[in-house]
Amino acid sequence: MMQWQDLFSSNILDRGYDYYMSDNILEIHKVSSRLIARVKGEHDYHIEIDLDHIENMTCDCQYYQSGNYCKHLAAVLFAYEDKPIKAENNEIDINYIIESFDKYQLQQILKDLSCKDEGIKKYILSLSQNISLKHEHQRIQDIFDQYRIIDDLPEVFKQLNNWLVLGYNEECFELIKDIYERLIKLVKQHEFFDECQKLIEVILQRCDSSLYNMIYQWLINQYDFDNQYPMIENLLFEKNYFDSDKLKELLLMTYQQNKDRQDYYSQHRLNQIKQWLNQF
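Calculation criteria
- Residues numbered from 1 in each chain as written.
- Predicted model: local features only at pLDDT ≥ 70, side-chain atom pairs only at ≥ 80, totals over all residues.
- Heavy atoms only, no water.
- Patch = residues over 30% accessible without salt bridge, like charges linked within 9 Å, V, L, I, M, F, W, Y side chains within 5 Å.
- Areas by Shrake-Rupley, 256 points an atom, 1.4 Å probe, with all protein chains shown as cover.
- Salt bridge = Lys/Arg side-chain N within 4 Å of Asp/Glu carboxyl O.
- Helix = DSSP H or I, 4+ residues; strand = E, 2+ residues; numbered from the N terminus.
- Buried < 20%, exposed > 50% of the residue type's maximum accessible area, 1.4 Å probe, protein only.
- Phe/Tyr/Trp six-rings, centres within 6.5 Å; stacked < 30°, edge-to-face > 60°.
- Lys NZ or Arg CZ within 6 Å of the ring centre and 35° of its normal.
- Pairing = 2+ DSSP bridges.
- Contact = heavy atoms within 4.5 Å.
- Expected span 1.5 Å × (residues − 1).
- Core = buried A, V, L, I, M, F, W, Y, C linked by side-chain atoms within 4.5 Å.

S.K.: Even after reading the chapter, I still don't get a nonpolar patch on the surface, so can you show me in this structure?
M.R.: A cluster of nonpolar side chains, contributed by Ile98, Leu106, Ile109, Leu110, Leu113, Tyr123 and Ile124, occupies part of the molecular surface with about 560 Å² of accessible area. The set of elements that each furnish at least two residues to the nonpolar patch consists of helix H5 (103-116) and helix H6 (118-128). A total of 4 residues in the nonpolar patch trace back to one element, the largest contributor, which is H5. Mapped onto the fold, Ile109 is located in helix H5.

Structure (structure tokens):
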């Protein structure tokens, strides 16, 4: 270890030595090459010292925060020099370690951990993102009532994506239905329908059989020969999420019911049904 005394003024060294001799060091641990200590003062001060790079040491006292090495740091170094301790193999008090970090350090630790561990990320998200369906339905209603669809709906989709990561499949489906059924009253096509479709596809890949059947039944109920709803038809007929035999029955029945209609739109829809039937 370098001559650490050179980093301190003689006055601070004297006060630090007196501090050490007055038993003001409450606890001191060595973790790898770092000293972690708690020192008595107006408050309990938390100390960290890197023994490999001795100039890298911190204290949360006001004197250190003003840019000076303080008597608390000197006291800990005198204690270690007088009675060197071995690095601890056993786990030391985690509460003490956590309390030694400041707000910025804790935020950075959580960010790093959430990037490295998906489970920790989900847990952190879950702490602040528990779903209240009543609240979220009201939020969606307010967005539509106040015509803030373009500005605010993207944030709702972002929130839904986060909840899907946490496994809130059924709750998200209920909210997507709400959005879709409000949108369809305003427009037939919009990029927001694409967002709804993407979210439903994610749910279909993860959900249990009960929710799967619920989604299927809802899509069937939304299907309408006289109104072309691309999202509904994409999910039913363009993707391979559902039983083709059941869909074939639905299409054949719809075709039989409408085959005698001669208007251009109906002929277009009948040709579309033929194409879907050929895919199965």
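S.K.: Explain the pattern of salt bridges to me, please; I cannot follow it from the model alone.
M.R.: Oppositely charged side chains can pair when the atoms bearing their charge come close. Summed over the entire model, instances satisfying the criterion amount to 11 salt bridges. Measuring nitrogen to oxygen at the nearest pair gives 2.4 Å for the salt bridge that ties Glu48 to Arg34. Pair noted here: Glu48 is in strand S3 (residues 45-50) and Arg34 is in strand S2 (residues 34-39), with a separation of 14 residues, a long-range link. Using a relative accessible area of 28% as the deciding quantity, one classes Arg34 as partly exposed. Between Lys239 and Glu201 there is a salt bridge, with the nearest N and O atoms lying 4.0 Å from each other. On the criterion of sequence distance, the pair formed by Lys239 in the loop between helix H12 (230-238) and helix H13 (244-258) and Glu201 in helix H10 (residues 191-206) is long-range, its members being 38 residues apart. A relative accessible area of 32% means that Lys239 is categorised as partly exposed. Salt bridges sharing common partners tie together Glu27, Arg38 and Asp44.

S.K.: For this particular structure, what's the right way to read the packing of aromatic side chains?
M.R.: Each aromatic ring pair is characterised by the separation of its centres together with the angle its planes make. Within the structure shown, the criterion is met by 14 aromatic pairs. Plain terms: the ring middles of Trp4 and Phe8 are 5.7 Å apart, the flat faces sit at 90° to each other, and that makes the pair edge-to-face. For Phe8, a relative accessible area of 8% puts it in the buried group. Measuring from centroid to centroid gives 5.7 Å for Phe157 and Phe192, while their planes differ by 40°, and the two rings are tilted. Here Phe157 is found in helix H8 (residues 149-165), whereas its partner Phe192 is found in helix H10, with 35 residues between them in sequence. Phe157 gets classed as buried once you look at its relative accessible area, which sits at 3%. Residue Phe192 is classed as buried on the basis of its relative accessible area of 4%. Cluster of aromatic residues (ring-pair linked, three or more members): Trp4, Phe8, Tyr17, Tyr20, Tyr69 and Phe78. Over the ring of Phe225 we find Arg269, and its NZ or CZ is 5.9 Å from the ring centre.

S.K.: Hey, could you run me through the pairing of S2 in this one?
M.R.: Each regular strand shows side chains that alternate between the opposite faces of the sheet. Strand direction decides the pairing type here: strand S1 (residues 25-31) and S2, joined by 6 bridges, are antiparallel. Bridging across to S2, Val31 finds its partner in Arg34. Counting the residues in the hairpin turn of S1 and S2 gives 2 residues, including Ser32, whose phi is positive at 60°. Here S2 folds back onto S3, and the loop between the two strands holds 5 residues.

S.K.: What is the right way to look at H12 in this model?
M.R.: Because an α-helix completes one turn every 3.6 residues, residues spaced three or four positions apart along the sequence face the same direction. Within the sequence span of H12, burial applies to Met231, Ile232, Glu233, Leu235, Leu236 and Phe237. Against helix H9 (169-183), H10, helix H11 (209-222), H13 and helix H14 (264-279) lie the buried residues of H12.

S.K.: Can you help me understand H9 in this one?
M.R.: Counted at 1.5 Å a residue, the expected span for H9 with its 15 residues is 21 Å, and the 21 Å between its end C-alpha atoms agrees. Of the positions making up H9, those classed as buried are Asn169, Cys172, Phe173, Leu175, Ile176, Lys177, Asp178, Ile179, Tyr180 and Leu183. Looking at the buried side of H9, the elements it contacts are helix H7 (133-145), H8, H10, H11 and H12.

S.K.: Would you mind showing me how to read the nonpolar core here?
M.R.: As a rule of thumb, nonpolar side chains are buried together in soluble globular proteins. Core analysis: the largest hydrophobic core is formed by 51 residues, its most contacted members being Leu160 and Leu236. Elements with a minimum of two residues in this core: H7, H8, H9, H10, H11, H12, H13 and H14. Each residue touching Leu160, except ones within four places of it in the same chain, is listed here: Cys172, Leu175, Ile176, Ile179 and Leu199. Counting 28 residues, the second-largest nonpolar core is a separate cluster that includes Trp4, Ile12, Tyr19 and Tyr20.

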